[in-house]
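Listed below are the residues making up each chain.
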Amino acid sequence: MESQKSRMPVAVRDIAIVVAGVAIVWLGLRLAFDTNNPFYVVSSQSMVPALQVNDVLVVRDGGSWEQLKIGDIIVFNRPDGEDRVIVHRVAEINDRGGDGERIIRTKGDANPASIPGTDYPITKENYIGKVVYVMPGAGVVTKIISPPVNYIIIAIILVMLFFTKVGRKKPDSTQQSASSGSTGSQPPPSSSSPPPSP
């Protein structure tokens with residue numbers, strides 16, 4: 001029982017290292033792409049053929065709002081209610097004269113026209129980022145491991161890691177001391193006394 005208690009902190013330490021590693025990678029990605037969430041999965045066919053359902057999009061903000069041009073694919077919160085994230089192509093850019101506020105109109109490639117309240121007016125407040133990379137079909141993984149399945153998988157991995165560390169057997173110290181005291185497996189002690197006289 002004592003040996004299990006002494007090994008538990010090792011398992012907790014390993015779990016903490018894994019959690020810290022994931023957090024560092026996530027924060028690094030957020031900093032590198034300058035957005036809260038650099039990954040989005042396409043969930044509709046409005047951008048076919050450029051984007052397919054389940055494609056994973058890598059999105060970057062990084063001040064890209066001012067550099068957007070017609071034809072760029074962007075990710076934004078739906079202006080009417082901000083209740084959905086939309087991925088469409090920039091169709092028109094209007095810089096309003098006096099106040100300098102930029103307004104963007106987008107359109108899904110497969111849609112016949114822009115949809116008011118969904119595709120426009122997109123302002124900087126609605127804007128999430130510009131698509132910089134597409135991983136075709138990679139979003140299938142996110143559907144397989146969507147909640148609650150992802151939490152179950154994470155819990156199983158953590159439990160397996162914990163019990164793997166706790167269940168490792170170290171050589172028992174009582175076995176070592178018992179074997180070191182036996183003389184059957186060791187040569188007899190050497191003596192410095194003189195040989196018997198005849």
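Remember, it's a predicted structure, so these values are computed and weren't measured experimentally.

Asker: I'd like a rundown of the overall build of the protein chain, residues and numbers included.
Answerer: A tally of regular secondary structure across the protein chain gives four helices and six strands. In sequence order, the protein chain lays out its α and β elements as α-β-β-β-β-β-β-α-α-α. Within the protein chain, residue pairs in contact and separated by at least 24 positions form 57% of the contacts whose partners lie at least 6 positions apart. Surface accessibility of the protein chain: about 13200 Å² in total, with carbon and sulfur atoms responsible for 62%.

Asker: Before we move on, could you go through the pattern of salt bridges and cite the residues and values that matter?
Answerer: Here the idea is simple: oppositely charged side chains can pair when their charged atoms come close. Across all of its chains, the model carries seven salt bridges by this definition. Among the salt bridges present, the one from Lys69 reaches Asp72, with a minimum N-O distance of 3.5 Å. Assessed through its relative accessible area of 8%, Asp72 is described here as buried. The salt bridge involving Arg78 is made with Asp83; its shortest N-O contact spans 2.9 Å. Residue classification places Asp83 among the exposed positions, given a relative accessible area of 52%. A network of salt bridges, in which partner residues are shared, links Lys69, Asp72 and Lys130.

Asker: I'd love a proper account of the sheet that holds strand E2 (residues 56-60), names of residues and values included.
Answerer: Overall, antiparallel pairing links the six strands, which are arranged E1-E2-E6-E3-E4-E5 in an open sheet. The outermost strands of the open sheet, each flanked by one partner alone, are strand E1 (39-41) and strand E5 (102-107). The average undirected angle you get between the axes of adjacent strands in this sheet is 50 degrees. Sheet analysis places strand E3 (residues 73-77) next to strand E4 (residues 85-95), joined by five bridges and oriented antiparallel. Counted as the bridge partner of Ile73 is Arg89 from E4.

Asker: Tell me about the nonpolar core, and please be specific about residues and values.
Answerer: Judged by nonpolar contacts, Tyr40, Val42, Met47, Leu51, Leu57, Val59, Ile73, Val75, Val87, Ile128 and Val131 together constitute the single largest core of eleven residues. If sequence neighbours within four positions are ignored, Val75 has contacts with Tyr40, Leu57, Val59, Val85, Ile86, Val87, Tyr127, Ile128, Gly129 and Val131. Core analysis: the next-biggest nonpolar cluster, separate from the first, contains nine residues, Trp65, Leu68, Phe76 and Ile104 among them.

Asker: Before we move on, can you summarise a negative patch on the surface with the specific residues and values?
Answerer: Together, Glu82, Asp99, Glu101 and Glu125 make up a region of like negative charge exposed at the surface. Using a relative accessible area of 31% as the deciding quantity, one classes Glu101 as partly exposed.

Asker: I'd love a proper account of unusual backbone geometry, names of residues and values included.
Answerer: The general pattern is negative phi for most residues beyond glycine and trans for most peptide bonds. Cis rather than trans, the peptide bond between Val48 and Pro49 has omega equal to 10 degrees. Turning to its location among the elements, Pro49 is positioned in the loop between E1 and E2. Tyr120 connects to Pro121 through a cis peptide bond whose omega is 0 degrees. With respect to the helices, strands and loops of the structure, Pro121 is situated in the loop between E5 and strand E6 (127-135). Positive phi outside glycine occurs at Asn54, with the angle close to 80 degrees. If you trace the backbone, Asn54 turns up in the loop between E1 and E2. By relative accessible area, which is 15% here, Asn54 ends up buried. Here the phi dihedral of Glu82 falls at roughly 45 degrees; this positive angle occurs in a residue that is not glycine.

Conventions adopted
Residues numbered from 1 in each chain as written. Predicted model: local features only at pLDDT ≥ 70, side-chain atom pairs only at ≥ 80, totals over all residues. Heavy atoms only, no water. Helix = DSSP H or I, 4+ residues; strand = E, 2+ residues; numbered from the N terminus. Contact = heavy atoms within 4.5 Å. Areas by Shrake-Rupley, 256 points an atom, 1.4 Å probe, with all protein chains shown as cover. Salt bridge = Lys/Arg side-chain N within 4 Å of Asp/Glu carboxyl O. Buried < 20%, exposed > 50% of the residue type's maximum accessible area, 1.4 Å probe, protein only. Pairing = 2+ DSSP bridges. Axes fitted to C-alpha atoms, helices over the stretch in contact; angles between N-to-C directions. Core = buried A, V, L, I, M, F, W, Y, C linked by side-chain atoms within 4.5 Å. Patch = residues over 30% accessible without salt bridge, like charges linked within 9 Å, V, L, I, M, F, W, Y side chains within 5 Å. Lys, Arg positive; Asp, Glu negative; His and termini not counted. Charge placed at Lys NZ, Arg CZ, Asp CG, Glu CD.

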